[in-house]
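A closer look at the structure
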Amino acid sequence: MVMLHLLLAAAAADPTKGLTAIGRGIVYGAAAIGPGIGIGLVVGNAITAMARQPESAGTVRTTMFLGIAFTEALALFGFVLAFIISG
Amino acid sequence: MSLLGVDVPPVSHVTIWGSGPLGINKTVVIYLFALIATVAVFYFGTRKKDALVPSGILQNTAESSIGFVRNQIIMQTMGVDGLGYLPYLATLFFFIFFSNITEILPGVQFPANARFGVPLVLALLTWIIFNVVGIKRQGPGHYFVNSVFPPLGDMPLVGKIAMYALLAPIEFLSTFIIRPFSLMVRLFANMLAGHLILTTFAVLTAALWAAKITVIIAPLSFALLVAMTGFEVLVSFLQAFIFAILTAVYIDISMHPAH
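Residues numbered from 1 in each chain as written. Chains lettered and ligands numbered in written order. Predicted model: local features only at pLDDT ≥ 70, side-chain atom pairs only at ≥ 80, totals over all residues.

1. Points about the overall build of chain A
Applied cut-off: Per the convention used, a helix needs a DSSP run of H or I reaching at least four residues, while a strand needs a run of E reaching at least two, with both numbered from the N terminus. Around each residue's C-beta, the other C-beta atoms within 10 Å are counted; 20 or more make the residue buried, 12 or fewer make it exposed, and counts in between make it partly exposed. All C-beta atoms are placed from the backbone. Here contacts are defined at the residue level, using C-beta atoms placed from the backbone and a cut-off of 7 Å between them.
A tally of regular secondary structure across chain A gives three helices and zero strands. Counted from the first residue to the last, chain A has its helices and strands arranged as α-α-α. Put simply, chain A has 87 residues, and 9% of those count as buried. In chain A, of all internal contacts separated by at least 6 residues, the share reaching a separation of at least 24 is 76%.

2. Digging into the interface of chain B and chain A
Applicable threshold: By the convention adopted, Pro, Cys, Tyr, Trp, Phe, Met, Ile, Leu, Val and Ala count as nonpolar, Lys, Arg, Asp and Glu as charged, and the other residues, Gly among them, as polar.
At the interface, 14 residues of chain B touch 12 residues of chain A. At the level of elements, helix 2 (57-77), helix 6 (157-210) and helix 7 (218-255) of chain B are the ones that each hand at least two residues to the side of chain B that touches chain A. When residues in the side of chain B that touches chain A are grouped by element, the largest group, six residues, is from helix 6 of chain B. Here the residues of the side of chain B that touches chain A are counted per class, giving eight nonpolar, five polar and one charged.

3. Notes on the packing of helix 1 (residues 26-45) of chain B against helix 3 (residues 86-101) of chain B
All names here are of chain B. Put simply, the rule reads: Axis lines are fitted through C-alpha atoms, for helices just across the contact stretch, and the angle between N-to-C directions can take any value from 0 to 180 degrees. Oblique is the label for any angle not under 35 degrees, not over 145, and not in the 65 to 115 range, which are roughly parallel, roughly antiparallel and roughly perpendicular in turn. By the definition used in this description, the sense in which the near helix is turned from the far one sets the handedness, with an anticlockwise turn below a right angle giving left-handed and a clockwise turn giving right-handed.
Two elements in contact, helix 1 and helix 3, have axes separated by 8 Å at closest approach and are oriented at 135 degrees. On the basis of the axis angle, helix 1 is oblique to helix 3. Crossing of helix 1 against helix 3: the hand is right-handed. Each of Ile 30, Tyr 31, Phe 33, Ala 34, Leu 35, Ala 37, Thr 38 and Val 41 in helix 1 lies in contact with helix 3, whose residues at this interface are Thr 91, Phe 94, Phe 95, Phe 98 and Ser 99.

4. Considerations on the environment of A:Ala30
Residue and element names in this part refer to chain A. In this structure, Ala 30 sits in helix 2 (residues 15-52). On the basis of neighbour count, Ala 30 is assigned to the exposed category, with 10 C-beta atoms found within 10 Å. Sequence separation of Ala 30 and Ala 75 is 45 residues, and the distance between their C-alpha atoms is 8.7 Å.

5. Details of the environment of B:Leu204
Relative to the assigned elements, B:Leu204 resides in helix 6. Taking the C-alpha atoms as reference points, B:Leu204 and B:Leu225, 21 residues apart in sequence, are found 9.6 Å from one another.

6. A closer look at the packing of helix 6 of chain B against helix 7 of chain B
Residue and element names in this part refer to chain B. Interaxial distance between helix 6 and helix 7 falls to 9 Å at its minimum, and their mutual angle equals 170 degrees. Taken together, the axes of helix 6 and helix 7 lie roughly antiparallel to each other. Of the residues in the contact of helix 6 with helix 7, the class split is 19 nonpolar, six polar and two charged.

Honestly, it's all geometry; don't read function into it.
Below you can see the structure in the form of structure tokens.
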């Protein structure tokens, strides 16, 4: 409730600017949730694979970087979107 | 902040083009440096190619990096078929690496790829290449069908129709539109984010140092700045590597479609 009052007070002072900043924060924060979990899964499983079969570590590492690159793209879209949002 | 009298474009210019077609700023100077460095390494590094044992730092750098691109990027994805793309991939890798590494070069400290113009051109170049390779290797019709309708295996006809109604638009978007866009965004956003982090901690350290009592915690911010600088070396290398290997993977998918 206090938070809401603060937000409304900030919005009343300069209606668009504060809300834009909040929107940017929410956009990037929300966009980072999924890729955070996804990269954790990718790297965790890659480490398991490397520990079980050290001789295949080279191939697993390359594939892991590919998996990370595909997963983190979503977070980066959010990062760019946060810049594009203007108020 | 300026280098040779040319200014860094401000952050608000991320989505705005520069001042006119011939406006030279710091980004352009760094790209020229990257271009000259890439050409110089391979021109001067390969002049003594008849010598059986490589000697000198340039020749060793050129030969071992060609070996790296060959073994770590091409053989891992395309196999022997893709060795013809070694010049393109090696150039791509080195150009991106040299324009990234200026992020931590003292006095410059700005990754040119943090502005999306050139990453966009590189991504479009890759897009053109993998499309042309696909059309050449499979023919236009087969290429389009293979990339938009992936094989599903055994399934009743109704299921196939339902699956393709869902899959075909997604596959089309992901192959022809999201691929170049995500290549561009991945490189540019990673470099921009790293640059912003370094700038934030540098400014924070200076501000803590300037104030009277907060001097005590300034070393913490400075230590993180040093650590992040080390991390950005890794990121510069990794982004160049990932751009090159994704290009190799896309060309591989065009050359050898799933059966």
